[in-house]
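Spelled out, the chains give:
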Amino acid sequence: MTQPTTHVPTGQDAAPAAHGATLAALEDLLQELQGRHGGDVPEWEYCEGVLTALLCTRREVPADEWLAMLFERSTQEIFASPAEQTRFMMHWLEREQQLRSALQAPVQALDDERALDPGVLDWRGLLLSLPEPERAKLQDAEAPPAFAQAWAAGFLDAVDHWMEDWAPPRDKEIAAEMREAIAAIGVLLHDDSGVPEFNLYDEACAPSVSQARVEAFGDAVWAVYDLYDIARSLGPRQPPAQSDKVGRNDPCPCGSGKKYKKCCGA
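Rules of the game
All chains use their own residue numbering, which begins from 1 and follows the written sequence. Only residues with pLDDT of at least 70 get local features here, since the model is predicted, and only at 80 or more are side-chain atom pairs given and counted; chain-wide, interface and lining totals rely on the full set of residues. Only hydrogens and water are set aside; all other atoms, that is, all heavy atoms of the structure, feed into the side-chain values. Geometry of aromatic contacts follows a simple scheme: Phe, Tyr and Trp rings, the Trp one being its six-membered ring, pair when their centres are within 6.5 Å, and the pair is stacked under 30 degrees between planes, edge-to-face over 60, tilted otherwise. Helix and strand definitions here come from DSSP, where helices need a minimum of 4 consecutive H or I residues and strands a minimum of 2 consecutive E residues; each element is numbered from the N-terminal end. Each residue is placed in one exposure class: buried if its accessible area under a 1.4 Å probe, protein chains only, is under 20% of its type's maximum, exposed if it is over 50%, and partly exposed if it falls in between. Only buried residues count toward a nonpolar core, which is a set of Ala, Val, Leu, Ile, Met, Phe, Trp, Tyr and Cys residues joined through side-chain atoms within 4.5 Å. By definition, residues are in contact when any of their heavy atoms lie within 4.5 Å. What counts as an axis is a line fitted to C-alpha atoms, over the stretch in contact for a helix, and the angles between N-to-C directions run from 0 to 180 degrees. Throughout this description, any angle smaller than 35 degrees is read as roughly parallel, any larger than 145 degrees as roughly antiparallel, any in the 65 to 115 degree range as roughly perpendicular, and the remainder as oblique. By definition, turning the near helix anticlockwise from the far helix through less than a right angle yields a left-handed crossing, and turning it clockwise yields a right-handed one. Any residue that is not Ala, Val, Leu, Ile, Met, Phe, Trp, Tyr, Cys, Pro, Asp, Glu, Lys or Arg is counted as polar, Gly included; the first ten are nonpolar and the last four charged. pLDDT measures how confident the predictor is about each residue, on a scale from 0 to 100. By convention in these notes, a salt bridge is any Lys or Arg side-chain nitrogen within 4 Å of a carboxyl oxygen on Asp or Glu.

**Description of the packing of aromatic side chains**
Two measures describe an aromatic ring pair: the distance that separates the ring centres and the angle between the ring planes. Inspection of the entire model under this criterion finds 11 aromatic pairs. A centroid spacing of 6.0 Å and a plane angle of 70 degrees characterise the contact between Phe-155 and Trp-166, whose relative ring orientation is edge-to-face. Taken as a pair, Phe-155 in helix H8 (residues 149-161) and Trp-166 in the loop between H8 and helix H9 (172-186) lie far apart in primary sequence, 11 residues in all. Owing to a relative accessible area of 0%, Phe-155 belongs among the buried residues under this scheme. Taking the centre distance of 5.3 Å and the plane angle of 40 degrees together, the rings of Trp-222 and Tyr-225 count as tilted.

Quick look at the structure:
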């Protein structure tokens, strides 16, 4: 297992300009879809969690499968035109390659510019950065999620959706490592109950994220590396071998309706 570091990527660090442009393009497209389909369209941070889990899945999941999982409707119902679908897929695949490159990079610390930097946002920090009138309006609505909570929800929903592909192997040591890594991501589903010490959206504003949450997110990022390595080492799950041999008490393949032992196997 790769050793953790105290630095944690936040999505607002000095990410390459190409990464920021890709995330912005995807967010714009999702907002267009939300304008037509409403709350059925997830936020980008949730999608980022799903995409990250797909990269750690033992097989390559076809686009029609994960699109149906994300939007709960057919492809024809999601996009207004083939051109819109092409734009979405182009930027999705760009982001997929960015995450894959990070997971394949031989990093030893999360402050390495090549390290995985999930596209997450400190929503509570953003709220605290707003002018008081705007903040008061938004505070009357649903409370914003804790840092990286939506990302973890997307990742683990994908694990549950493709449960068969995520079934642990027979090797007890690898199975235990998988459970430990998934549990590390699952910690982020809980609320941040620690004392706020950092604002990861704007460090000049009031704190919104605890030290414990920052460390839990770092653990979750390393857990993704572990799951990616496990998936690559195991490869796609193989269906159980099936024998063509007919049992003596099985129906005879000749179609007589008799048991094999009393028919062709006599």
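**Points about the nonpolar core**
Within the largest apolar cluster, 64 residues are counted, with the highest numbers of intra-cluster contacts made by Trp-66, Phe-88, Trp-92, Phe-155 and Ile-185. In this structure, Phe-88 is in contact with Leu-26, Leu-29, Leu-30, Trp-66, Leu-67, Phe-71 and Phe-79, ignoring residues within four places of it in sequence.

**Looking at the packing of H8 against helix H10 (residues 211-234)**
Packing of H8 against H10 brings their axes to within 12 Å, and their N-to-C directions diverge by 25 degrees. With respect to each other, H8 and H10 are oriented roughly parallel. For the pair H8 and H10, the crossing hand works out as left-handed. Every residue of H10 that contacts H8 at Gln-149, Trp-151 and Phe-155 is listed here: Arg-213, Phe-217, Ala-220, Val-224 and Leu-227. Split into classes, the residues belonging to the contact of H8 with H10 amount to 6 nonpolar, 1 polar and 1 charged.

**Examining the confidence of the model for the chain**
In this model, the chain carries an average pLDDT of 86, and 82% of its residues clear a pLDDT of 70 or more. Within the model, pLDDT remains below 50 along residues 1-14, and this stretch shows 40 contacts once partners closer than five positions in the same chain are excluded.

**Examining the packing of H8 against H9**
Running from N to C, H8 and H9 point in directions that differ by 140 degrees, and their axes come no closer than 9 Å. As judged from the angle between their axes, H8 and H9 are oblique. Within the contact between the two elements, H8 uses Trp-151, Ala-152, Phe-155, Leu-156 and Val-159 and H9 uses Ile-182, Ile-185 and Gly-186. Class assignment for the residues of the contact of H8 with H9 results in 7 nonpolar, 1 polar and no charged.

**A closer look at the pattern of salt bridges**
Inspection of the entire model under this criterion finds 10 salt bridges. With its nearest N and O atoms 2.6 Å apart, the salt bridge here joins Arg-36 to Glu-84. Taken together, the positions of Arg-36 in helix H1 (residues 17-37) and Glu-84 in helix H5 (residues 82-104) put the pair 48 residues apart, joining distant regions of the chain. You can call Arg-36 partly exposed: its relative accessible area is 41%. Residue Arg-59 is joined to Glu-65 by a salt bridge in which the shortest nitrogen-to-oxygen separation is 3.0 Å. You can call Glu-65 partly exposed: its relative accessible area is 28%. Through salt bridges with shared partners, a single ionic network connects Arg-59, Glu-65 and Asp-165.

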